[in-house]
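As a plain string of letters, each chain reads:
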Amino acid sequence: MEKIPARTDPADEVRRWVIPGESRVYVLTFGCQQNEADSERLLGLALSMGYGRADTPEDAELILVNTCAIREHAELKALSIIGGFKHVKEKNPRVIIGVCGCMAAEPHRVEDLKRRYPYVSFTLEPAKIASLPSLLAGVIRTKKRAFLLPDEPTAVPPIDEGIPVERLSRHKAWVSIMYGCNNFCTYCIVPYVRGRERSRESGEVLSEIKGLAASGVKEITLLGQNVNSYRSDCDFAGLVRRIGEIEGDFRLRFMTSHPKDVSDDLIACFGTVPHLAPQFHLPIQSGSDGILRKMNRRYDVARYLSIVERLRARDPAITLTSDVIVGFPGESDADFEATLDLLRLVRFDAVYSFIYSPRRGTPAAEYPDPVPPDVSRARMRRLLDLQCEISAEKNRPLLGQTLRVLCDGPSPDGTPGIMTGRTAGGKLVHFPAPEEVAGTFVQIKIDRADAFALRGTLTE
Ligand code: 5AD
Ligand code: SF4
């Protein structure tokens, strides 16, 4: 009788390869919050297979680079850092380098990594994080590199529940509620690299959040490329209301929303649903209806303004932030002036602005009339100057107020004794305080307000 070999669990195969106390993993993250959340799952998987955590790539036997493809600059930066890992592999042949994230879902990048980066062992696209153990086991067993062709953009990958997560913060947590994007804004690579929209079951989301709240997490951010198009047995507003019923002292935020999916019901959640922070990030991208049409954004300026008006009617102090792209193909001086006018009219608290970067495979990459780089840069400078003035003006009324701030930890610039945190509206605050307050809510009296940050002092 033929003997059927016992099936081995790929994670066990990796465990046998890992040297306890010696083999460590290093995860490097580029890009958005979704990538930060994905990295926590990559790390969780690696730790579950026996790897320890490395503080530097030089200390690691498994290096995972979680990449971003949103703009060319992000890709070039990742490639240059991956190039630097060549010497790590040369020093220790046991080192395995994997490229994950959105670049690993671009067929031309996968090809390029395979040909020009021989020390990279595999690529792993974002929708397939759960296959890290089998991919690694294959690389270890066969000593061959693995460059899988990414799924077709039409694919709806399954949602993998139950992947171990190693959360990098004890007081803040990301919770992905949906994956992918169906919007196909003409400049954007996301729908091609993260596949079709799919939402997690509400029960899964709610039980994850209950667990986080019970463990004392102070801030939960719901994530999705198009978070407010969430749909399972309830819509997004319904999910937010159900999260509002969960006990605990935590703030709830969400990102990123699309204006076309902002419902009245969602607007009505602000000020009524417990936990929900008074903050809304709502990308406008351009203040010109003609450009919005070419971007396939499916709203016009009037519709956007009506959302802002209704949000502010509910809560005049709500923090509003946005994304803007400068130098989209065909953007005329008049189009750009319309964007500046829009910023003057809405008066966002902050705007994240980006110079348009053509992405291979997107419709806009083929559009005529590129804006010359020096024109884009000059427009960007004007936009930044204007928004800087507006942000400073918006922050000034906070002077003298005492605000509840969630302390994140020591100031990232390393100034001794200075801690940083965020207000309910998401504004950055620096204040002198002992390190013990990290991860707790504190009352801060604001005594300085600049465009990008507030400063204050701890009160009882
Ligand atoms: N070029 C420049 N900016 C882009 N964004 C998305 N795609 C591009 C691109 N090709 C910006 C949008 C989006 C933010 C996350 O990145 O403003 O909201
Ligand atoms: Fe990209 Fe538009 Fe989808 Fe946002 S909504 S991820 S900008 S395609």
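This one's a predicted model, so the numbers in the text were calculated from it and none came from an experiment.

Here the structure, examined in full by the defined rule, presents 29 salt bridges. As a salt-bridge pair, Arg 41 and Asp 38 come within 3.3 Å of each other at their nearest N and O atoms. With a gap of three residues between them, Arg 41 and Asp 38 both fall in helix 2 (residues 33-48), about one helical turn apart. Note on accessibility: Arg 41 and Asp 38 belong to one class, buried. With a closest N to O distance of 2.9 Å, Glu 161 and Arg 200 form a salt bridge. Of the two residues, Glu 161 is situated in the loop between strand 6 (146-147) and strand 7 (172-176) and Arg 200 in the loop between strand 9 (198-199) and helix 8 (202-214); the sequence distance between them amounts to 39 residues. Under the relative-accessibility criterion, Arg 200 is labelled buried at 6%. Through salt bridges with shared partners, a single network forms among Glu 75, Arg 109, Asp 112, Arg 116 and Arg 359.

The local shell around ligand 2 consists of Cys 181, Asn 183, Phe 184, Cys 185, Tyr 187, Cys 188, Val 190, Pro 191, His 258 and Arg 297. Class assignment of the residues belonging to the shell around ligand 2 gives a composition of seven nonpolar, two polar and one charged.

What follows covers the pairing of strand 11 (residues 251-255). For strand 11, a buried count of five out of five residues is recorded, marking the element as mostly surrounded by other parts of the structure. Of the two faces of strand 11, the one lined by Arg 251, Arg 253 and Met 255 and the one lined by Leu 252 and Phe 254 are each fully buried. Taken together, strand 10 (residues 219-223), helix 9 (residues 236-244) and strand 11 constitute a β-α-β crossover, and its handedness is right-handed.

So, about the site of ligand 1. Around ligand 1 sit Ile 70, Arg 71, Tyr 187, Gln 285, Asp 323, Ile 325, Phe 354, Ile 355, Tyr 356, Ser 357 and Arg 359, and that is every residue in its neighbourhood. In this structure, Tyr 187 approaches ligand 1 through a main-chain N or O atom, which is 3.0 Å from a nitrogen atom. A distance of 2.7 Å separates an oxygen atom of ligand 1 from a polar side-chain atom of Gln 285. For ligand 1, the accessible surface in isolation is 410 Å², of which the surrounding protein chains cover 87%. Per-class residue counts for the shell around ligand 1 are six nonpolar, two polar and three charged.

The six strands lie next to each other as 2-1-3-4-5-6, forming an open sheet whose pairing is parallel. Unpaired on one side and paired on the other, strand 2 (52-53) and strand 6 mark the two borders of the sheet. On top of the sheet, helix 6 (residues 132-142) reaches strand 3 (62-67), strand 4 (96-101), strand 5 (122-124) and strand 6; it is set at about 170° to strand 5, its chief contact.

A separate point is the packing of aromatic side chains. Following the criterion strictly, the structure yields eleven aromatic pairs and no others. Geometrically, the ring pair formed by Tyr 187 and Phe 328 is edge-to-face, given 6.4 Å between the ring centres and 85° between the ring planes. Taken as a pair, Tyr 187 in the loop between strand 8 (178-179) and helix 7 (190-193) and Phe 328 in the loop between strand 13 (319-326) and helix 13 (333-346) lie far apart in primary sequence, 141 residues in all. Ring centres of Tyr 299 and Tyr 304 lie 6.2 Å apart, and the angle between their planes is 40°; this geometry places the pair in the tilted category. One aromatic cluster is present, built from ring pairs that chain together Tyr 187, Phe 328, Tyr 356 and Tyr 367. A cation sits over an aromatic face here: Arg 94 above Trp 17, 4.0 Å from the ring centre.

Moving on to the nonpolar core. Core analysis: the biggest nonpolar cluster contains 67 residues, and Ile 177, Leu 222 and Phe 280 have the highest contact counts within it. Excluding residues within four positions of it along the chain, Ile 177 makes contact with Ser 199, Arg 200, Val 205, Leu 222, Leu 223, Val 227, Tyr 230, Phe 236 and Leu 239. By size, the runner-up hydrophobic cluster in this structure holds 29 residues, among which are Cys 68, Phe 85, Met 103 and Val 120.

Pairing within the open sheet is parallel, and its three strands lie in the order 7-10-11. The open sheet has two edge strands with one neighbour each: strand 7 and strand 11. With direction set aside, neighbouring strand axes in the sheet form an average angle of 20°. Sheet topology places strand 7 next to strand 10; five bridges connect them, and they run parallel.

What follows deals with unusual backbone geometry. A negative phi angle characterises most non-glycine residues, just as the trans form characterises most peptide bonds. Note that the residue after Met 255, namely Thr 256, is joined by a cis bond; omega there is 0°. Checked against the element boundaries, Thr 256 lands in the loop between strand 11 and helix 10 (264-269). We note that Asn 296 has phi near 60°; this positive angle belongs to a residue other than glycine. Considering the arrangement of structural elements, one finds Asn 296 in the loop between helix 11 (289-294) and helix 12 (301-314). Its identity as a non-glycine residue notwithstanding, Arg 347 has a phi of 55°, on the positive side. If you trace the backbone, Arg 347 turns up in the loop between helix 13 and strand 14 (350-355). The exposure class of Arg 347 is partly exposed, given its relative accessible area of 31%.

Within the secondary structure layout, Met 103 lies in the loop between strand 4 and helix 5 (107-116). For Met 103, a relative accessible area of 0% corresponds to the buried category. Along the sequence, Met 103 and Glu 75 sit 28 residues apart, while their C-alpha atoms lie 7.3 Å from each other.

A few words on the environment of Phe 85. You can see Phe 85 is positioned in the loop between helix 3 (72-84) and helix 4 (86-91). Overall, Phe 85 belongs to the buried group, its relative accessible area being 6%. The spatial distance from the C-alpha of Phe 85 to the C-alpha of Ile 63 is 8.7 Å, given a sequence separation of 22 residues. Residues within four places of Phe 85 in sequence aside, it is in contact with Leu 28, Pro 57, Ile 63, Val 65 and Ile 97.

Definitions and limits used
- Counting starts from 1 at the beginning of each chain's written sequence and moves along it residue by residue.
- Key to labels: chains lettered from A, ligands numbered from 1, both in the order written.
- Residues qualify for local features only when their pLDDT is at least 70, as the model is predicted, and side-chain atom pairs are given and counted only at 80 or more; totals for whole chains, interfaces and linings, by contrast, use all residues.
- The side-chain numbers reported here are obtained from all heavy atoms of the structure, hydrogens and water having been left aside.
- The rule for a salt bridge is simple: a side-chain nitrogen of Lys or Arg has to be within 4 Å of a carboxyl oxygen of Asp or Glu.
- Only runs of H or I of at least four residues qualify as helices and only runs of E of at least two qualify as strands under DSSP, and these elements are numbered from the N terminus.
- For the exposure calls, accessible area comes from a 1.4 Å probe over protein chains only, and a residue counts as buried if that area is under 20% of its type's maximum, exposed if over 50%, partly exposed in between.
- One heavy atom within 4 Å of a molecule or strand is enough for the residue carrying it to be called near that molecule or strand.
- When residues are sorted by character, Ala, Val, Leu, Ile, Met, Phe, Trp, Tyr, Cys and Pro go into the nonpolar class, Asp, Glu, Lys and Arg into the charged class, and all the rest, Gly among them, into the polar class.
- With strands facing away from the observer, any crossover in which the path from the first strand over the helix to the second runs clockwise is taken as right-handed.
- Throughout this description, a polar contact denotes any pair of N or O atoms lying within 3.5 Å of each other; where both atoms belong to protein, one of them has to be capable of donating a hydrogen while the other can accept it, and for residues adjacent in sequence the pair is counted only when both atoms sit in side chains.
- Using a 1.4 Å probe, accessible areas were evaluated by the Shrake-Rupley method; residue-level cover was limited to the displayed protein chains.
- Following DSSP output, two strands are said to pair if at least two bridges run between them.
- Working rule for contacts: check all heavy atoms of both residues, and any pair within 4.5 Å makes them a contact.
- With axes taken as lines fitted to C-alpha atoms, and helix axes fitted only over the stretch in contact, angles between N-to-C directions fall between 0 and 180 degrees.
- Centres within 6.5 Å make a pair out of two Phe, Tyr or Trp rings, where for Trp the six-membered ring is used; the pair is then stacked when the planes are under 30 degrees apart, edge-to-face when over 60, and tilted otherwise.
- Put simply, a charge is over a ring when the Lys NZ or the Arg CZ is close to the ring centre, within 6 Å, and near the line of the ring normal, within 35 degrees.
- Side-chain atoms within 4.5 Å link the members of a nonpolar core, which is a set of buried Ala, Val, Leu, Ile, Met, Phe, Trp, Tyr and Cys residues.

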